[in-house]
Amino acid sequence: MSVSRNYGVLRIIRVRRSAHKTRHLEKNPPGLLSEEHLVHVLAERETTIGRALSNDLILMDPTVSREHARLILTDEGWCIHNISEQNALQINGTTIAAGSQSPIQSQDFLLLGNTMLQLVAPNQPMASPLPSLTINQTSDIALPTTPHPAGADQDTSTRILNALPLSPPEKSSRLNGKRPLENLPVPLSPALDQEPLSDQKRDSQAWDESDKFHDNSSITLQFALPQRFKKQVRWALVGIILVFLLLSALTAIILNNLLGIVSLIQESPLNVLSVLSIPIVTALGINLLVNFIDRYEREPWFLRLAAFLWGAVIAIPPTTFIEGNIDALRATILGPQAGKALHALFSALNAGITEETVKGLGLLLLFIVLRDEFDNITDGIVYGALIGAGFAMLENIFYFAGNPKAFVFLLIGRIVLGWLSHSTFTICFGISLGYMRHTRVRWQHIVIPLIGYAISVGLHTAFDFINFFANSLVLASPDNTSIVMFSVVASIGDYILPFIAQMVIIYCLIKSLAHEAAVIREFLASEVSSGIITVDEYALLQHSFLRTKIERRVLFYHGFKQWLRVKALYQTEIGLAFRKWHVSMGDKPKLGYVQPEDAYRRRIQRLRYHIYLAENPKPLT
């Protein structure tokens, strides 16, 4: 470990591969940002840039000189020196000849050879910034620390504890440098004017200050729900939802194999344990997988739970009712001459269309009502997986309870091989909804979701058709070895299409996660310049695993409440980046006094203040 000082960052905007690709790289498609991932923390006042390994920032670009530029922080600000012998560099399109120098401001663009960089730093850098702790000397990420008195003994564990965002900013962007933090007796807030608050302003401020969610989700709800919702109204809505879920659960139990479950209990209580535990453990596994992939702009726990309950409780009664009534008409519709394949196709279409429509309605409801929380493709994958997991859990319970003699077959088919099947089908529609946040093209807002819905129904129908048809052949000729073998091979091959779909989903997820990191890099750069986001936080937010590691250390060393505050700080900062991206993609301003961007900034200031108070209980004077 090494102690360093962080003054800013240099981030790579692009590297032009060849001349014929210049036009393609000059302009990224709307909603698709650069995927360059290097962010170099400026830990010294002087940073050398070039191709040689002796430089502080090494650019693997043959058009860059071995020692091309030197970036220096002086008392007047930043300055760039062109130290190459003949190669020029550009600042915002202005050429700086070899041997010359020029001042440079935060968010200015540097072009060295074919590599474009951007300086991200506070507009007025501190003379002696807070020290930072670099966990890995080879890493470009430096983490914020809390300063210690001179002469304090810091062992290794103390230095690890210091790698936390527990220091308040030196200056609020709305204070104009007039009042330092240590003279402020109240939490920092952008709204520091002394004019009387109107009722509308006071209601908005009260909502923002009284929430208990400890993340950025309440900001979304603040603008999704009427601001004058009182606490009693909100609790009443929660009660209504709980009652509705309870009634749906009771209806699902009554409509599905109630007699089978009762007989199973009478036969052997141990069977009940296996019937319940196996599907529940599978659903928990999918929830853990979702928690792993949701790395950057994390979805609030109550929306995750709502998605899961939609699949497990709300979706079951209507699908059971619709499928049962349509299946009762199968013989009438198909006639007595229909073969096994036609009957299997009818049942497969019945299940595929009905189940994917009801599950998809949950996704569509989330997308419409809480559009600001449904950010991108990753969120479509998260909510689609949870709805599918809930639906599969209850459906598996009913299958195991209704067919105890086929326990081994169901265990292999529905758990070992098909534990992600329902989630895979629903995710296809979720991805199409998430893609709508990436494009401004109107026809794509209609066509892409329809294509995603058709793919989910098609995959589900194909899967069920092979399964139903193979089962019907075995039931018709149980003693025919060839037919039994064909059915076994067909049942195993039935998982090929879902597996291919899962590979495509993984590809979409990787691209979406890279895009999320790019959103953070792109839209928080100006917040660093204005002092809302610190340099260390800007570098840390783009690295999900390192951020999670820091959050765990906060939980271990500082307790649960401080962990909630730190998590909320990071998520609020990421939420600000995504809100600014949505505005750039055409989202309209919200009605009312406070815009979401202002609410995010105010919460960042307040959370950082409370984190500081928890670390330093002595009141500020």
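Per an unreviewed UniProt entry, the protein goes by FHA domain-containing protein and derives from Dictyobacter vulcani.

Caption draft 1: Looking closely at the overall build of the protein. What the protein contains, in helices and strands, is 22 helices and 14 strands. The buried share among the 621 residues of the protein stands at 49%. Of the contacts made within the protein by residues no fewer than 6 positions apart, 69% connect residues no fewer than 24 positions apart. Just so you have it, the protein exposes about 30600 Å², and 63% of that area is on carbon and sulfur atoms.

Caption draft 2: Geometry of the pattern of salt bridges. Applying the stated criterion to the full structure yields 15 salt bridges. With a shortest N-O distance of 3.4 Å, D587 and R437 are connected by a salt bridge. Taken together, the positions of D587 in the loop between α21 (560-584) and α22 (596-615) and R437 in the loop between α14 (421-435) and α15 (442-476) put the pair 150 residues apart, joining distant regions of the chain. R437 matches D587 in its accessibility class, with the two residues each being buried. Between R579 and E597 there is a salt bridge, and its shortest N-O distance comes to 3.5 Å. Of this pair, R579 sits in helix α21 while E597 is found in helix α22, placing the two residues 18 residues apart along the sequence. The residues R579 and E597 share a single accessibility class, namely buried. Each of the salt bridges in this network shares a partner with another, and the network as a whole consists of E527, K580, D598 and R601.

Caption draft 3: Quick peek at the packing of aromatic side chains. Under the counting rule described, the total for this entry stands at eleven aromatic pairs. Consider the rings of F367 and F374, whose centres lie 5.3 Å apart with planes at 80 degrees: the pair is edge-to-face. You can call F367 buried: its relative accessible area is 6%. Judged by its relative accessible area of 0%, F374 falls in the buried class. With centroids separated by 6.1 Å and ring planes inclined at 75 degrees, the aromatic side chains of F429 and Y453 adopt a geometry described as edge-to-face. Residue F429 is found in helix α14, and its partner Y453 is found in helix α15; the two are separated by 24 residues along the sequence. Put simply, the rings of F367, F374 and Y383 pair up and form one aromatic cluster. The lysine or arginine in question, K359, covers the ring of F391, its NZ or CZ lying 5.3 Å from the ring centre.

Caption draft 4: Structural detail: the environment of P103. On the secondary structure map, P103 appears in strand β10 (residues 101-104). Here the alpha-carbon distance between P103 and L71, two residues 32 residues apart in the chain, equals 9.6 Å. The residues touching P103, leaving out its near neighbours within four places in the chain, are W78, C79 and I91.

Caption draft 5: Spatial organisation of the side chain of D379. Turning to its location among the elements, D379 is positioned in helix α12 (residues 377-402). Among buried charged residues, D379 stands out as having no salt bridge; its nearest opposite-charge side chain is R437, 7.4 Å away. In contact with D379, not counting residues within four places along its chain, are E297, E299, E373 and F374.

Caption draft 6: Quick look at the packing of helix α11 (residues 340-369) against α12. Where α11 contacts α12, the axes come no closer than 10 Å and their chain directions differ by 140 degrees. One way to sum up the angle between α11 and α12 is to call them oblique. Every pair of crossing elements has a handedness; the one defined by α11 and α12 is right-handed. When α11 is examined against α12, the residues E355, K359, G362, L363 and L366 are found in contact with a partner set consisting of G380, Y383, G384, I387, F391 and E395. Partitioning the contact of α11 with α12 into residue classes produces five nonpolar, three polar and three charged.

Caption draft 7: Quick peek at the packing of α15 against helix α16 (residues 481-493). Closest axis-to-axis distance for the α15/α16 pair is 9 Å, and the angle between their directions is 165 degrees. Judged on the interaxial angle alone, α16 and α15 are roughly antiparallel. For the element pair α15 and α16, the recorded crossing hand is left-handed. Contact residues: I466, A470, L473 and V474 in α15; I483, V484, F486, S487, A490 and S491 in α16.

Caption draft 8: Up close: the UniProt feature "transmembrane region" (unreviewed entry) in the protein. What UniProt calls "transmembrane region" (unreviewed entry) maps, in this numbering, to residues 235-258, 270-290, 302-322, 342-369, 381-401, 407-434, 446-463 and 483-510. For residues 342-369, the end-to-end C-alpha separation is 40 Å, with 100% helix and 0% strand making up the annotated structure. Secondary structure across residues 381-401 comprises 100% helix and 0% strand; the distance between its end C-alpha atoms is 30 Å.

Caption draft 9: Representation of the environment of L607. Here L607 lies in helix α22. Its relative accessible area of 13% is what places L607 among the buried residues. The sequence separation of L607 and V566 amounts to 41 residues, and the corresponding C-alpha distance is 7.9 Å. The residues touching L607, leaving out its near neighbours within four places in the chain, are R565, A568, L569 and T572.

Caption draft 10: Geometry of helix α8 (residues 301-314). The terminal C-alpha atoms of α8 lie 18 Å apart, and with 14 residues this matches the ideal 20 Å at 1.5 Å per residue to within 8%. In the structure, α8 departs most strongly from a straight axis at F308, where the bend amounts to approximately 25 degrees. All of the buried residues along α8 are F302, L303, R304, A307, F308, W310, G311, A312, V313 and I314.

Caption draft 11: Representation of the nonpolar core. Ranked by size, the top nonpolar core spans 87 residues in total, and within it V9, I381, L524 and Y538 carry the most contacts. Looking at this core, the element that brings in the most residues is α12, giving 15 residues. Beyond its immediate chain neighbours, meaning those up to four positions away, L524 contacts V519, I533, Y538, L541, E573, L576 and A577.

Caption draft 12: Local environment of the sheet that holds strand β6 (residues 69-74). If you walk across this open sheet you meet the five strands as β5-β4-β6-β7-β10, and the pairing is mixed. Edge positions in the sheet fall to β5 (57-58) and β10, since each has one partner strand and no second. Relative to strand β7 (residues 77-82), β6 is paired through six bridges, and the arrangement is antiparallel. By the bridge assignment, A69 is partnered in β7 with N82.

Reading the values: rules and limits
Residues numbered from 1 in each chain as written. Predicted model: local features only at pLDDT ≥ 70, side-chain atom pairs only at ≥ 80, totals over all residues. Heavy atoms only, no water. Helix = DSSP H or I, 4+ residues; strand = E, 2+ residues; numbered from the N terminus. Buried < 20%, exposed > 50% of the residue type's maximum accessible area, 1.4 Å probe, protein only. Contact = heavy atoms within 4.5 Å. Areas by Shrake-Rupley, 256 points an atom, 1.4 Å probe, with all protein chains shown as cover. Salt bridge = Lys/Arg side-chain N within 4 Å of Asp/Glu carboxyl O. Phe/Tyr/Trp six-rings, centres within 6.5 Å; stacked < 30°, edge-to-face > 60°. Lys NZ or Arg CZ within 6 Å of the ring centre and 35° of its normal. Lys, Arg positive; Asp, Glu negative; His and termini not counted. Axes fitted to C-alpha atoms, helices over the stretch in contact; angles between N-to-C directions. Parallel < 35°, antiparallel > 145°, perpendicular 65-115°, else oblique. Left-handed = near helix turned anticlockwise from the far one by under 90°. Nonpolar A, V, L, I, M, F, W, Y, C, P; charged D, E, K, R; others polar. UniProt positions renumbered as here; feature names shortened; annotations may be inferred. Expected span 1.5 Å × (residues − 1). Bend = angle between axes of the 7 residues up to and from the residue. Core = buried A, V, L, I, M, F, W, Y, C linked by side-chain atoms within 4.5 Å. Pairing = 2+ DSSP bridges.

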